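Letter by letter, the chains look like this.
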Amino acid sequence: MTAVLGGRPEGVSTLHFAMDEADGIDTRQRLVVIGNGMAGARVVEEVLERGGGDQFAITVFGEEPHGNYNRIMLSHVLAGEEHEDDIVLNSQDWYADNGVALRAGVRVLRIDTHAKVVHAADGTTTPYDQLVIATGSRSFIPPMTGLYRAEDQLLPGVFGFRTIDDTRAMLAAAAEHDKAIVVGGGLLGLEAARGLQEHGLAVEVVHAGTHLMNQQLDPDGGAILKQSVEALGIVVHLATRTTEVIGPDRVRGVVLADGRAIDADMLVIAAGIRPVTEVALMSGIEVERGIVVDDQLRTDDPDVYAVGECAQHRGELYGLVAPVWEQARVLADLLTGTDPDAAYHGSRTATKLKVAGVDVATMGVNRPERDTDEFLVISEPRRGVHLSVVVRDDKLIGATLLGDTRKVAYLTQAFDRGTPLPEQRIKLLVDLSDGDAEVGVAELPHDSQVCNCNGVTKGAICEAVAGGCGSVGSVMDKTRAGKGCGSCKGLVKQIVEWAADGDVVEDPTASWYVPGIPMAKPELMTAIRERGLLSPSAVFAALAPGGAEDAKSKMGLTSLLRMIWGKDAVQENDAKFINDRVHGNIQRDGTFSVVPQIKGGVTTPAQLRTIADVAEKYEVPMVKITGGQRIDLLGVRKEDLPAMWNDLGMPSGYAYGKSFRTVKTCVGSDFCRFGLGDSTQLGIDLETRFQGIESPAKMKLAVVGCPRNCAEAYVKDVGVVAVGNGKWEVYVGGAAGATIRKGDLLATVDSPEAVIELSGRFMQYYRENANWLERTYDFVPRIGLEKIKAVLLEDSEGICAALDENMQQSIDAYTDPWGQDGKAPATPGQFRTALPLVELPLVPVR
């Protein structure tokens, strides 16, 4: 079953009607919104803000089963920079709390504009008085041979990139594959490419244009962006198209128009978007490229409006969030009567984004259009910087900033408001006063729009500060600045600091371990210990404001409680990730992967024979060797898990948890003629000792018998390298996944026993001091290697004995979850057949 983002267990929000007290009839008009994306939900928000809840009984149809989420941030979710829960704008509870009937997961088929009734795919009809179409857009899929299999289904391995489900599917595929092709070198394509690369995939971009982001950048800027993107390791193919997808069972590669073939496991199509207009077409409403609307956002039916990416206003379609939300404000003014003369006259679009790690800001035109236009360009290809402005009649009509966006606020004001330009045009691009950021902020006019998404001005931010908001976070909450695409957060922070004259309160939540408990990790741990809090619900009851439980905090608390209390911690099933509930890694089709423990990557013929027998018995679609030297049985149905574990007779390899995972080893001194130490045995000993211990994020280890590093110890959370004469180097904070980082040398020790002691001490220090989900490659630089050395090697804080003791407590608490829950499920539904009842697995059988 698809997890509902921002959902509530029952799936559909409850209804709230304002009944007439006399006869029990709802006297309000009926407002129906088709589309629960950013435009539709924003219309509802704006209507409610104007008191529209008393005027309208509001019903919202959303084709997706989720609450309303920030689609702009999907690339951040793909890149692992944001959790999907963090991009929810309005959960299903929000609709219920505001008396809005949300029909999530229900597609509207057509509108009977004469009867004023909406017909939905579930057979229901919903009457309306006023109707808003906000159906948005979908990915454009260009024609390619072999792209589809039967029934217009995309070939497995082909993805659009438009929804959270697209993103989830890409993340699941990225975890299993090595190479991806992205079709489209625009903003979305480059973001997809960078996101997939962050997951370790080799990525190639195929773009039909002659330069990247050709809708926003001129050829010179596009060439510099290509250079920056290629410097990241992403291959770019320009001026060519993908004509064929190599299959036939799933994506194996693509063929380009020039005949070249490229191998690939994934194909992501980000070749633009197209408005979703079928409902309007089926209802006889005028449609050209989009649904045609006038300045009141009204279609050719007087009671039907359209906003967002599906709407065509004065011949223009908008794909940015700022125009969409501007339309929502105008429409809410009209619907509620707040401003009966409100009108939308179009938007001047300006955007500032980070594309594949490169700062980009564009507005207006990107090149001169008349002989009299002034065109100023500063280009530094070596630094990846390209800046240009276009001036006409002393007004800024376009600007492009690539690789250096320090002047974007000033240029945006000049572009939006036509403010006078300096005689020295060079000042448009270069701050001759040496670019002091505070001077730039101070120079901004009070009515300068800082957040284009929400229309928040510098003045509004300053007023929030003057009104008592003392932190950046509180100002953002108060004004909504930075709550759209997020690209203005840096400028918002600068203005808050300037307005507060430096007296800015640090956002308290930034130091909290979990968002629902207002405590930093050390304080939280102390409170949990002193009060003897053993379960997440007990922690919420004792420490959360008002005792309120917070879903986003539960997983972090569960991990922390297991670390503090070991086997005495009380398990609560709703406070675990699905992977932790069933001790397997959920796959895209709802099946699970099973990875038995193979310590140090060393197995036996008997184990292999057992694994083979189990794979055949349960018709496992794929048996795969993992990068951690283990065997992954993929495509296992949830209900088969306990029996499979029993038949395997092997403990869990913890390939799914925020925990110690595995120790990779080389063959070491027993077999390798270069081996300087018995890396295999040390790896087995490390895995035996630390198996399954919880941590803020996963931990991967490796031991190698010489500096040739065949098991990649230098890029592990803890890596151990034999250097001869019985000595071992211990490295910490390495990474070779989405982030690449060579570990820092913590110490050189004289024995395997010393390696085990120091590794355990480091891991315990990490467990007790790292933020939730913070990997060691972020933790070590944040704390500082020298401090870590002082604490762990010199006992500068006098805590080494406690670290060793606490680690031993966790080791003593180890129980194999397969052996435990396989015999007696923790809950009656722990291994119940997944719904909906479809034939699983859906992945191809090899």
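Residues numbered from 1 in each chain as written. Predicted model: local features only at pLDDT ≥ 70, side-chain atom pairs only at ≥ 80, totals over all residues. Heavy atoms only, no water.

On to the overall build of the chain, then. Assigned secondary structure in the chain consists of 25 helices and 41 strands. For 846 residues, the compact-globule estimate of 2.2 N^0.38 gives 28 Å, and the chain sits close to it at 29 Å. Taking the principal axes of the C-alpha coordinates as reference, the chain spans close to 80 × 70 × 65 Å. Going through the 846 residues of the chain one by one, you find that 52% of them count as buried. A sequence separation of at least 24 residues applies to 62% of the contacts in the chain between residues at least 6 apart. Surface summary for the chain: the accessible area is close to 36,500 Å², and the carbon and sulfur share equals 50%. Considering the chain, the positive charge centre built from 84 side chains and the negative charge centre built from 117 side chains are found 4 Å apart. (Helix = DSSP H or I, 4+ residues; strand = E, 2+ residues; numbered from the N terminus. Rg over C-alpha atoms; globule rule 2.2 N^0.38 Å. Buried < 20%, exposed > 50% of the residue type's maximum accessible area, 1.4 Å probe, protein only. Contact = heavy atoms within 4.5 Å. Areas by Shrake-Rupley, 256 points an atom, 1.4 Å probe, with all protein chains shown as cover. Lys, Arg positive; Asp, Glu negative; His and termini not counted. Charge placed at Lys NZ, Arg CZ, Asp CG, Glu CD.)

Before going further, it helps to examine empty space enclosed by the protein. In this approach a probe as big as a water molecule rolls over the atoms, and the regions it shows empty are the leftover space. Scanning the model with the defined rule gives three cavities of 30 Å³ or more in all. Taken as a whole, the largest cavity encloses approximately 70 Å³ of empty space. Its residues assigned to classes, the lining of the largest cavity shows four nonpolar, five polar and two charged. (1 Å grid on protein atoms, 1.4 Å probe; cavity = no way out; pocket = protein on both sides within 12 Å on 5 of 7 lines; lining within 4 Å. Points joined across faces, edges and corners; volume = space filled by probe spheres on them. Nonpolar A, V, L, I, M, F, W, Y, C, P; charged D, E, K, R; others polar.)

In this section: the nonpolar core. Burial of nonpolar side chains together is a common tendency in soluble globular proteins. If you look at the biggest cluster of nonpolar residues, it comprises 53 residues, and the most contacted ones within it are I58, V132 and I133. Once you skip the residues sitting within four places of it in the chain, I133 turns out to touch I34, I111, A280, I285, I291, V304, Y305, A306, V307 and C310. Counting residues in each nonpolar core, the second largest holds 37 residues, with M73, F159, A193 and L402 among its members. (Core = buried A, V, L, I, M, F, W, Y, C linked by side-chain atoms within 4.5 Å.)

Below, the discussion takes up the sheet that holds strand β1 (residues 29-34). Read across the sheet, five strands follow the order β5-β2-β1-β9-β21 without closing on themselves; strand pairing throughout is parallel. Across the chains shown, the open sheet's two edge strands, defined by having one partner strand only, are β5 (101-104) and β21 (304-306). In this sheet, neighbouring strand axes are inclined to one another by 15° on average, regardless of whether the strands run parallel or antiparallel. Where helix α1 (residues 38-49) meets the sheet, its contacts fall on β1, β2 (56-62) and β9 (130-133), and the angle it forms with β2 comes to roughly 165°. The sheet strands contacting helix α8 (residues 321-336) are β1, β2, β9 and β21, and the helix crosses β9 at an angle near 175°. (Pairing = 2+ DSSP bridges. Axes fitted to C-alpha atoms, helices over the stretch in contact; angles between N-to-C directions.)

Positionally, L561 belongs in helix α16 (residues 551-565). Not counting residues up to four positions away in its chain, the partners in contact with L561 are I528, L533, L534, S535, P536, V539, G566 and A569.

For the structure shown, the criterion picks out 38 salt bridges. With a closest N to O distance of 3.2 Å, R392 and E369 form a salt bridge. Residue R392 is located in strand β27 (residues 385-392), and its partner E369 is located in the loop between β25 (358-364) and β26 (374-380); the two are separated by 23 residues in the primary sequence. Since its relative accessible area comes to 14%, R392 is described here as buried. Note that E497 is salt-bridged to K493, the shortest N-O span being 2.6 Å. (Salt bridge = Lys/Arg side-chain N within 4 Å of Asp/Glu carboxyl O.)

Let us look at α8. Look at α8: 22 Å from first C-alpha to last across 16 residues, which is about the 22 Å you get at 1.5 Å a residue. Judged by how many residues are buried, α8 sits mostly within the fold: 14 of 16 residues are covered. Positive phi shows up at G337, right after α8, with a value of about 80°. (Expected span 1.5 Å × (residues − 1).)

Direction of pairing for β26 relative to β27: antiparallel, over a ladder of seven bridges. For E374, the partnering residue across the bridge sits in β27 and is V391. Hairpin geometry of β26 and β27 is characterised by an intervening segment of four residues between the two adjacent antiparallel strands and by a positive phi of about 70° at G384.

Taken as a whole and judged by the stated rule, the model has nine aromatic pairs. Between Y654 and Y656, the aromatic rings sit 5.9 Å apart at their centres with planes inclined by 25°, giving stacked as the arrangement. Using a relative accessible area of 9% as the deciding quantity, one classes Y656 as buried. Between Y714 and Y731 the ring centres are 5.0 Å apart and the planes differ by 90°, which places this aromatic pair in the edge-to-face class. Taken as a pair, Y714 in the loop between β36 (699-704) and β37 (718-724) and Y731 in strand β38 (residues 727-732) lie far apart in primary sequence, 17 residues in all. For the pair formed by Y714 and Y731, the shared burial category is buried. Over the face of the ring belonging to W325 we find R42, whose NZ or CZ atom lies 4.1 Å from the ring centre. Sitting over the ring of F674, R708 keeps its end group 3.8 Å from the ring centre. (Phe/Tyr/Trp six-rings, centres within 6.5 Å; stacked < 30°, edge-to-face > 60°. Lys NZ or Arg CZ within 6 Å of the ring centre and 35° of its normal.)

With that settled, consider the environment of D249. Along the chain, D249 falls in the loop between β15 (242-246) and β16 (253-256). Within the structure, the side chain of D249 is placed 2.6 Å from the side chain of R252, a separation counted as a polar contact. (Polar contact = N/O pair within 3.5 Å; in protein donor to acceptor, adjacent residues only side chain to side chain.)

Side chains that are three or four residues apart share a direction in an α-helix, a result of its 3.6 residues per turn. A large share of helix α9 (residues 408-417) lies buried, amounting to seven of its 10 residues. Every buried residue of α9 is listed here: V408, A409, L411, T412, Q413, A414 and F415. Looking one or two places after α9, you find G418, whose phi comes out positive at around 65°.

With that out of the way, let us pick up the packing of helix α21 (residues 752-769) against helix α24 (residues 800-812). Two numbers describe how α21 lies on α24: the axes approach to 9 Å, and their chain directions differ by 90°. In this view, α21 runs roughly perpendicular relative to α24, as classed from their interaxial angle. Across from E757, G760, R761, M763, Q764, Y765, R767 and E768 in α21, the residues of α24 making contact are C800, L803, D804, N806, M807 and S810. (Parallel < 35°, antiparallel > 145°, perpendicular 65-115°, else oblique.)

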